[in-house]
Amino acid sequence: GAGVSQTPSNKVTEKGKYVELRCDPISGHTALYWYRQSLGQGPEFLIYFQGTGAADDSGLPNDRFFAVRPEGSVSTLKIQRTERGDSAVYLCASSPSGAGTPYEQYFGPGTRLTVT
Amino acid sequence: AQSVTQLDSQVPVFEEAPVELRCNYSSSVSVYLFWYVQYPNQGLQLLLKYLSGSTLVKGINGFEAEFNKSQTSFHLRKPSVHISDTAEYFCAVIAGGGSQGNLIFGKGTKLSVKP
């Protein structure tokens, strides 16, 4: 079946511009996660959705970052007034969810964002 | 706060040699532990996971890991590596020690297998 997809695969933008990054999770997965991976680092958590609501947004670095998942499927990560420090690979993951045993998170290929 | 430490940023090894990639975690609660692999220009793929039960966990591609609670370690091993194992490997735990939630990753270990 189809895995997690992310678009665009690459995005180059100028400092100060607004960008949107899209994530299509695996069909039926209720949990969706956004991570950011800077060069030479492991992925760092940004935000976690259960269904339509953000269950945990404690990883968002500041109020320039915002994410939505209006219908509980596709999610969009939005970054306002981009800065060069926002340059990174943005990863999306999805998983089934439910109480008890943790489920595997399936990762998309990522969107490489470059802010010039 | 929980954290994951991968002690080696780079590990060079010759083909068919054994390898161990080290991972230590800090947590005062029960943990679920994971190893992910990232091949060049690809997404993260789960290698193996420890949830409960046997402390020796076997994963894909001949990798295995051993959970050691007293040493708070979850080292990844393979008895004989191939060129195709060249990739970056990440150890991770679920934040908060619960069954749901985001992953906390280590900084990664780049495994370079030389012929």
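Structure's up top.
Just so it is clear, the structure is predicted and the values come from calculations on it, not from any experiment. (Residues numbered from 1 in each chain as written. Chains lettered and ligands numbered in written order. Predicted model: local features only at pLDDT ≥ 70, side-chain atom pairs only at ≥ 80, totals over all residues. Heavy atoms only, no water.)

Q: Honestly, the overall build of chain A in this entry has me stumped. Any pointers?
A: For chain A, the count of helices and strands is 0 helices and 11 strands. Taking 2.2 N^0.38 as the reference for a compact globule, 116 residues should give roughly 13 Å; the C-alpha atoms of chain A span a radius of gyration of 14 Å, in line with that estimate. With the principal axes as the frame, chain A shows a C-alpha extent of 45 × 25 × 25 Å. Residues classed as buried in chain A amount to 44% of the 116 residues present. For chain A, the share of sequence-separated contacts (at least 6 apart) that also reach a separation of at least 24 residues comes to 53%. Each charge class in chain A was averaged separately, 11 positive and 11 negative side chains, and the resulting centres sit 7 Å apart. (Helix = DSSP H or I, 4+ residues; strand = E, 2+ residues; numbered from the N terminus. Rg over C-alpha atoms; globule rule 2.2 N^0.38 Å. Buried < 20%, exposed > 50% of the residue type's maximum accessible area, 1.4 Å probe, protein only. Contact = heavy atoms within 4.5 Å. Lys, Arg positive; Asp, Glu negative; His and termini not counted. Charge placed at Lys NZ, Arg CZ, Asp CG, Glu CD.)

Q: How should the interface of chain B and chain A be read in this particular structure?
A: Many authors give the size of an interface as the accessible area that is lost as the parts come together. With 17 residues of chain B at the interface, the matching set in chain A holds 23 residues. Of all residues in chain B, B:Leu44, B:Gln100 and B:Asn102 bury the most surface against chain A, accounting for 31% of the area lost on that side. Run the count over chain B and chain A and you get 0 salt bridges. For the pair chain B and chain A, the interface holds 3 residue pairs in polar contact (both at pLDDT 80 or more). Mapped by element, the contributors of at least two residues to the side of chain B that touches chain A are strand 5 (33–38), strand 6 (44–50), strand 10 (87–94) and strand 11 (103–105) of chain B. (Buried area = accessible area lost by both parts, 1.4 Å probe. Salt bridge = Lys/Arg side-chain N within 4 Å of Asp/Glu carboxyl O. Polar contact = N/O pair within 3.5 Å; in protein donor to acceptor, adjacent residues only side chain to side chain.)

Q: Can you help me understand the pairing of strand 2 (residues 10–14) of chain B in this one?
A: Side chains on a regular strand alternate between the two faces of the sheet. Residues and elements named next belong to chain B. Only one face of strand 2 is covered, namely the face carrying Val11 and Val13; the face carrying Gln10, Pro12 and Phe14 is uncovered. Two strands pair when backbone bridges link them, and strand 2 and strand 12 (residues 109–114) are joined in this way by 5 bridges, in the parallel orientation. Directly across from phenylalanine 14, in strand 12, lies its bridge partner lysine 114. (Pairing = 2+ DSSP bridges.)

Q: How should the state of the cysteines be read in this particular structure?
A: By definition, a disulfide links two cysteine residues through a covalent bond between their sulfur atoms. All names here are of chain A. Inspection of the entire model under this criterion finds 2 disulfides over all chains. Across the disulfide from cysteine 23 sits cysteine 92; the S-S distance is 1.8 Å. Taking the sign of the S-S torsion, -65° for the link of cysteine 23 and cysteine 92, the bridge is left-handed. Of the two residues, cysteine 23 is situated in strand 3 (residues 19–24) and cysteine 92 in strand 9 (residues 88–95); the sequence distance between them amounts to 69 residues. Note on cysteine 23: relative accessible area 0%, which makes it buried. For cysteine 92, a relative accessible area of 0% puts it in the buried group. (Disulfide = S-S within 2.5 Å.)

Q: Explain the nonpolar core to me, please; I cannot follow it from the model alone.
A: Residues and elements named next belong to chain B. Counting residues in hydrophobic clusters, the biggest one holds 28 residues, and the most contacted among them are Leu33, Trp35, Leu47, Leu48, Phe74, Leu76 and Tyr89. Residue assignment for this core shows that the elements contributing at least two residues are strand 2, strand 3 (19–21), strand 5, strand 6, strand 8 (64–68), strand 9 (73–78), strand 10 and strand 12. Here this core gets 4 residues from one element, more than from any other, and that element is strand 10. Dropping the residues within four chain positions of it, leucine 47 is found in contact with Trp35, Tyr36, Val37, Gly59, Ile60, Phe63, Leu76 and Tyr89. (Core = buried A, V, L, I, M, F, W, Y, C linked by side-chain atoms within 4.5 Å.)

Q: Any chance you could explain the pattern of salt bridges here in plain terms?
A: Pairs can form between side chains of opposite charge whenever their charged atoms are close. Counted by the stated rule, this structure contains 8 salt bridges over all chains. Between B:Glu20 and B:Arg77 there is a salt bridge whose closest N-O contact spans 2.8 Å. Here B:Glu20 is found in strand 3, whereas its partner B:Arg77 is found in strand 9, with 57 residues between them in sequence. Residue classification places B:Arg77 among the partly exposed residues on the basis of a relative accessible area of 28%. Between B:Glu64 and B:Lys58 there is a salt bridge whose closest N-O contact spans 2.8 Å. You can call B:Glu64 partly exposed: its relative accessible area is 22%. Of the residues examined, B:Lys58 reaches a relative accessible area of 63% and is grouped as exposed. Via salt bridges that share partners, A:Arg64, A:Glu83 and A:Asp86 belong to a single interconnected network.

Any link to function would need more than the numbers given here.
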